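The chain contents come next:
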Amino acid sequence: MTTISVLSSDPAAVNCGIITGSTSSLIVDAGPCPDAGRRLADRAARLRGRSPAATEIDLVITHDHWDHWFGAAALLAAGAGRAFASSSFATDQEGSAWLALDALRHDPATAEFAAQLPVDPGELFVDVTPVAPSSSGPAEVDLGGCRAEFHVLEGHSTADLVVRLPDLGVVFVGDLIEEGDAPQAGADASLSHWTNSLRTVLDFAEATTFVPGHGVPVDRGFVQRQLADIDGMRLHQDDAEVALPARTMPGDHDRRVPRELRLL
């Protein structure tokens, strides 16, 4: 039996996933700091304990923004095996870490948090198994009763990767979809690539649940509306600027952080 948990932690209320199959587990994103990575490794091990045959834990990183991967080195040191990421992440992680650490230390809102991070960004770097775009089909891992496909895309960053669980109708989309706040487009974003990527995600015909990088899981209608919003912004202003209204899913959702949401 496969289980899927979504864990959210501060700062940035970032979502990380733990997918546990009958033979192995996959963690989606490592969180914003070493402590978050260690907590994910511990939680994955405890969830794995319910499936005694699941002996391996791997990590996949959806993109190179700090809140999604600064916990990766600690997570790997705590027992995870491979770290998958796009080939762009593999090339750019060192520069991304230096830039992000500098920005975090000089922003009064994050300076206290940044003091908890390593002084040397090299302590955050991880060896990754790079995933390149392929015309022959996506890379995938078999977790035992559950396939996880890695699709390399672009838009929110140059290193976007989504995790598709085709047998379960679930997609972890990183920050290509945001529900907790408006989508964020920085200097590494491209609205034209972003819209193309969301169309690709919507082509996953079986997908009914999309786990965003921030906020609560959403349905196909939400993805379609966010695609329309981003496409509208693409037509009317520069790719480097975007300020979209947050799209809140109907219903009474638990938005406390930290939290753990069980999808399966």
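Details of the structure are given in the entry above.
Anyway, here's the lowdown on the structure attached to this text. (Residues numbered from 1 in each chain as written. Predicted model: local features only at pLDDT ≥ 70, side-chain atom pairs only at ≥ 80, totals over all residues. Heavy atoms only, no water.)

Some thoughts on the overall build of the protein
So, point 1. Helix and strand content of the protein: seven helices and 12 strands.
So, point 2. Relative to the globule expectation of 18 Å for 264 residues, the C-alpha radius of gyration of the protein, 17 Å, shows essentially globular dimensions.
So, point 3. Seen through its principal axes, the protein has C-alpha atoms that stretch 55 × 45 × 40 Å.
So, point 4. The buried share of the protein, reckoned over its 264 residues, is 55%. (Helix = DSSP H or I, 4+ residues; strand = E, 2+ residues; numbered from the N terminus. Rg over C-alpha atoms; globule rule 2.2 N^0.38 Å. Buried < 20%, exposed > 50% of the residue type's maximum accessible area, 1.4 Å probe, protein only.)

Quick word on the environment of Val170
So, point 1. With respect to the helices and strands, the residue Val170 is situated in strand 10 (residues 170–174).
So, point 2. Sequence separation between Val170 and Ala97 is 73 residues, and the spatial gap between their C-alpha atoms is 30 Å.
So, point 3. In this view, Val170 contacts Ile4, Val163, Arg164, Leu165, Thr209, Val211 and Leu263; residues no more than four positions away in its chain are not counted. (Contact = heavy atoms within 4.5 Å.)

Focus: the sheet that holds strand 11 (residues 209–212)
So, point 1. Taken together, five strands build an open sheet; the order of strands is 7-8-9-10-11 and the sheet is mixed. Every interior strand has two partners, whereas the edge strands, strand 7 (139–142) and strand 11, have only one. Looking at each pair of strands side by side, their axes are set apart by 20° on average, direction ignored.
So, point 2. Pairing of strand 9 (residues 161–165) with strand 10 involves three bridges; the strand directions are antiparallel. Across the sheet, the residue bridging to Arg164 is Val171, located in strand 10. (Pairing = 2+ DSSP bridges. Axes fitted to C-alpha atoms, helices over the stretch in contact; angles between N-to-C directions.)

A closer look at the pairing of strand 1 (residues 3–9)
So, point 1. In terms of residue burial, strand 1 counts as a mostly covered element, since seven of its seven residues are buried.
So, point 2. The pairing of strand 1 with strand 2 (residues 14–20) spans seven bridges and is antiparallel. Paired with Ile4 across the two strands is Ile19, which belongs to strand 2.
So, point 3. Examined bridge by bridge, strand 1 and strand 12 (residues 259–262) share four bridges and lie antiparallel to one another. Bridge assignment links Leu7 to a residue of strand 12, and that residue is Glu260.

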